[in-house]
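So you can see what is in the structure, the chains are spelled out below.
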Amino acid sequence: MHTQHNIQEKKPLLSIGMIVKNEIRSIEKCLKALQPLRDAVPCELVIADTGSTDGTRELVMRYADVFFDFEWINDFSAARNAVMDRCSGEWYLTVDADEYLDSNISEFVKLLSGGIDSDVTGCAVIVRNYVKEDDPSVYNDFYAVRIVRLSSGMRYQYPIHETFTLPGGMLKITVLEQVVLWHDGYLDQKGQKKDVKKKRNLMLLEQQLQEMPDDLRLTIMAADAAYTAELERKYAARLVELIESGRCKNKNMVASAWPRVLKVAHEHNMQEFDTWYEKATQVSPNSFFVRVDGSHYAVEVAWRRRNFAALLEYGAAYLEGVQALKNAATEEKRELLFGNICYEKDVIRVSTELGMAYAHAELEHWDECCKILSSHPAKNLKDNDLSLWLQAAGMCAAAQKDAKLWEEFNKTLAAVEDWETIPSVIVKLVLENDLPLPDRFFAQSVNQLTSLANAMGVEFRGKFPRVLKDRAAQDGNDDDLKVVVWNQALLSAALAVADWDSDDQETLLWLMDTYAIMTSAFLNLYYNPEILREETAALLPDMHYFGWCFLQANAAREAHDTLNYVRWLHKILKAIPAMKEMIEYLL
C-alpha cells in the first residue's frame, strides 16, 4: 500500500525518512519531537512499515506525508534505500522510532538555510543513549551520520547495522555538536527480548562473515551481538587476531574494537586481559576508546585483584583520558563516529578517584589519600561512593590519629539513612576504633543487625573478644530492644570465634559473664516468658536456644549443681556442635 498526503507545493528542503515495525511504545513521542523541525523548515516525512501488527501502521499514517508498506527481506539497507527512493528533499535525515530529536534545532535550521560548505556530503549528530531507566542523567554519546545530501548519491549498505556509503568517492562529513537524538531503545531491550534481537542480528552477521571473514567492522558488530559467554570470548579473541593481522587500515575502527575486547576479558576474568590492554595502548595509544574505556576496565580488573599499585597507575591514565576528551575539539573526536565512550561521565570519574583514595590508604599514602577525600565532600556522595569515602577516611584517620577527620567521619556516619548500602568493613572500623554507632544504625531490622554482628565475627576472627572487651563507646540506649539485639549478637559472634585454647582467661571470663547478662536481657525483652521454659525453649532459633541453655548452665554452676551444669552443657553441644571448643573449656 502507498499513501501520499498533500505535501507543500514548495519543494522540501528536508526529507525525514523512517522504517518502522511494531513501535507503538515510542513512535508517537518520536513523531511529536520532529514537529518543531517540520514547522521551522519545508519538510516531508516518508515512512515505510515492514509489517506492524500493534497499531503502529495506523498511527504513523496520520503523521506521514508519504507512507508505504515494504515487505521485510532481512535487509535493513534495502528498506532504508526504498525510503530514500521516495524522498524529494535536498537533505535527508534518518530517524529511528525509539529516538527523539532534541528541542534545540537552531544548528539544524542553520544547516538547511545554507550555513555549510557546498562540498559537504553528510553530517553527524550526537546520538545520546539512555543507560539507566530510573536515571535520565546517565547516558553515553556517539556520533552518527544521520544527515546526507540526496544529490550526492549516498546509499545504505549492509543488511544489518547499515551505514551510508558513497559510490566512487569519499564522504566529507561535518559534525553538528548541538543536534541530539535521544535514544531509549536499549532500556526496552531486556531479557528474552534482548536475546531474540541479538540472535537475529548475529545470524545475519555470520552470513556476511562467511563471505568476508576478515572484515573488522562485521566482526565488531558480531561481538556486540554475541549472546553467550562462549560467543563473547570467541569474538573478542577474533577481534584481537584481526587487529594484529594489520588488514584493517582504518585506525579509528581498530581503536573502537578495543573496548569490546577488554570488556569481555574483564567480565569473564580472562587471563589475556593484561596482554590485550598492553596491546591496546601500543596499537591505539591516543584513542579515547583506549584511554577512557580501556583504562576504566583496567581499573576494574586491578580492583578485583586488590592490586592497588596497578589501580593507581590505571586510574591516573583514565583520568588523563577523561580530561583530554573533555578538552578535545570536535575534529579530535571524530573517532566517535565508530562507537561511543561509555565511562567518561562525572559519576564514573568520581568513583574512580574515590577508589584511588582507598588504594592510597591501603598503600599507606596518607597525604595523597586525604587530598582526594578533601576534594569530594562526603555530603555530596551516596551508595558505593560514600562507602569508599568512609573506608578511606576511617583508615586515614586511624593511622594519622586525625581528630578532625574522625569528627567528619562520625558526622557523615550519623547522616547515613540506608545502612544496607554500607559494607560491614565500615562497622569494623567503628568497633576497632572505639567509636559510637549512630542512632540510625539501629533502625535496621533484627535480622540485619544479627547478620552484621555475625559478619563482625568473620572480619575480626580471634581478635573479636578482645575488641569487645576493650570497647568503651556506648551504642544507643540499653533499654532499646534493637540495641540489646545488637550487643547480644556481637557477643554470640565473639563466643563462636574465640580461641578457647590461647585467649587469656580474663578475656574469656569477661566474655561469658557479659554474654550471660546481655542474653538474659535480650530473651526477656524479645520473648514471652511462657516460651522460656524447658518444655518449649527447644523451639527457639538455634543461637537463642543456645543462649537460654547457657543461662541454665550458668545458674546451675552458681548453685554448685554440677550434675545439672554438665547436663545443660551437653544439651548445648547436642544443639550447637560448632560450640564444642567452648563446652570443652567449660568442662
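Residues numbered from 1 in each chain as written. Predicted model: local features only at pLDDT ≥ 70, side-chain atom pairs only at ≥ 80, totals over all residues. Heavy atoms only, no water.

**Student:** Explanation requested: the packing of aromatic side chains in the structure shown.
**Tutor:** The relation between two aromatic rings is expressed through the spacing of the ring centres and the mutual angle of the planes. Summed over the entire model, instances satisfying the criterion amount to 22 aromatic pairs. Note on Tyr515 and Phe550: the rings are 5.3 Å apart at their centroids and 80 degrees apart in plane angle, and the pair reads as edge-to-face. Placement of Tyr515 in helix 21 (residues 505–526) and of Phe550 in helix 22 (residues 542–558) is noted, with a sequence separation of 35 residues between them. Accessibility assignment for this pair places Tyr515 and Phe550 in one class, buried. (Phe/Tyr/Trp six-rings, centres within 6.5 Å; stacked < 30°, edge-to-face > 60°. Helix = DSSP H or I, 4+ residues; strand = E, 2+ residues; numbered from the N terminus. Buried < 20%, exposed > 50% of the residue type's maximum accessible area, 1.4 Å probe, protein only.)

**Student:** Can you walk me through helix 18 (residues 446–460) in this structure?
**Tutor:** Helical periodicity: at 3.6 residues per turn, an α-helix aligns residues three or four positions apart in one direction. Compared with the 21 Å implied by 1.5 Å per residue over 15 residues, the 21 Å span of helix 18 between its first and last C-alpha is a close match. Residues of helix 18 that are buried: Val446, Leu449, Leu452, Ala453, Met456, Gly457 and Phe460. Here the buried residues of helix 18 occupy an arc of 155 degrees about the axis, which is enough to place them on one side. Exposed and facing more than 90 degrees away from the buried side of helix 18 are Asn447 and Val458. Those residues of helix 18 hidden inside the fold are in contact with helix 17 (424–432), helix 19 (464–470), helix 20 (481–497) and helix 21. (Expected span 1.5 Å × (residues − 1). Arc of directions from axis to C-beta. Contact = heavy atoms within 4.5 Å.)

**Student:** Looking at this structure, I do not really get helix 3 (residues 76–85). What am I missing?
**Tutor:** Of all ten residues making up helix 3, eight are buried, and the element is well covered by its neighbours. Burial in helix 3 covers these residues: Phe76, Ser77, Ala79, Arg80, Asn81, Ala82, Val83 and Met84. Capping of helix 3 at its N-terminal end is provided by Asp75; its side-chain oxygen lies 3.0 Å from the backbone amide nitrogen of Ser77. (Polar contact = N/O pair within 3.5 Å; in protein donor to acceptor, adjacent residues only side chain to side chain.)

**Student:** For this particular structure, what's the right way to read the nonpolar core?
**Tutor:** Taken as a class, soluble globular proteins show a tendency for nonpolar side chains to be buried jointly. The biggest cluster of nonpolar side chains holds 204 residues, and the ones touching the most others in it are Met18, Leu31, Leu37, Phe464 and Trp486. In terms of residue count, the dominant contributor to this core is helix 20 (eleven residues). If near-sequence neighbours (up to four positions away) are discounted, Phe464 is found in contact with Leu431, Ala453, Met456, Gly457, Leu490, Ala493, Ala494 and Val497. (Core = buried A, V, L, I, M, F, W, Y, C linked by side-chain atoms within 4.5 Å.)

**Student:** Please explain the packing of helix 20 against helix 21 as it appears in this structure.
**Tutor:** Packed helices, taken two at a time, are described by the angle their axes make and the gap between the axes. As a packed pair, helix 20 and helix 21 sit with axes 9 Å apart at the nearest point and diverge in direction by 140 degrees. Viewed along their axes, helix 20 and helix 21 adopt a mutual orientation that is oblique. Classified by chirality, the crossing of helix 21 by helix 20 is left-handed. Along the contact surface, helix 20 presents Leu481, Val484, Val485, Asn487, Gln488, Leu491, Ser492, Ala494 and Leu495, while helix 21 presents Trp510, Leu511, Met512, Thr514, Tyr515, Met518, Thr519, Ala521, Phe522, Leu525 and Tyr526. (Axes fitted to C-alpha atoms, helices over the stretch in contact; angles between N-to-C directions. Parallel < 35°, antiparallel > 145°, perpendicular 65-115°, else oblique. Left-handed = near helix turned anticlockwise from the far one by under 90°.)

**Student:** Even after reading the chapter, I still don't get the packing of helix 15 (residues 383–400) against helix 17, so can you show me in this structure?
**Tutor:** Viewed as axis vectors pointing N to C, helix 15 and helix 17 meet at an angle of 25 degrees, and their least axial separation amounts to 10 Å. Taken as axis vectors, helix 15 and helix 17 run roughly parallel relative to one another. In the packing of helix 15 onto helix 17, the handedness of the crossing is left-handed. Contact with helix 15, carried on its side by Ser387, Leu390, Gln391, Gly394 and Met395, involves Val425, Ile426 and Leu429 of helix 17 and no other residues of that element.

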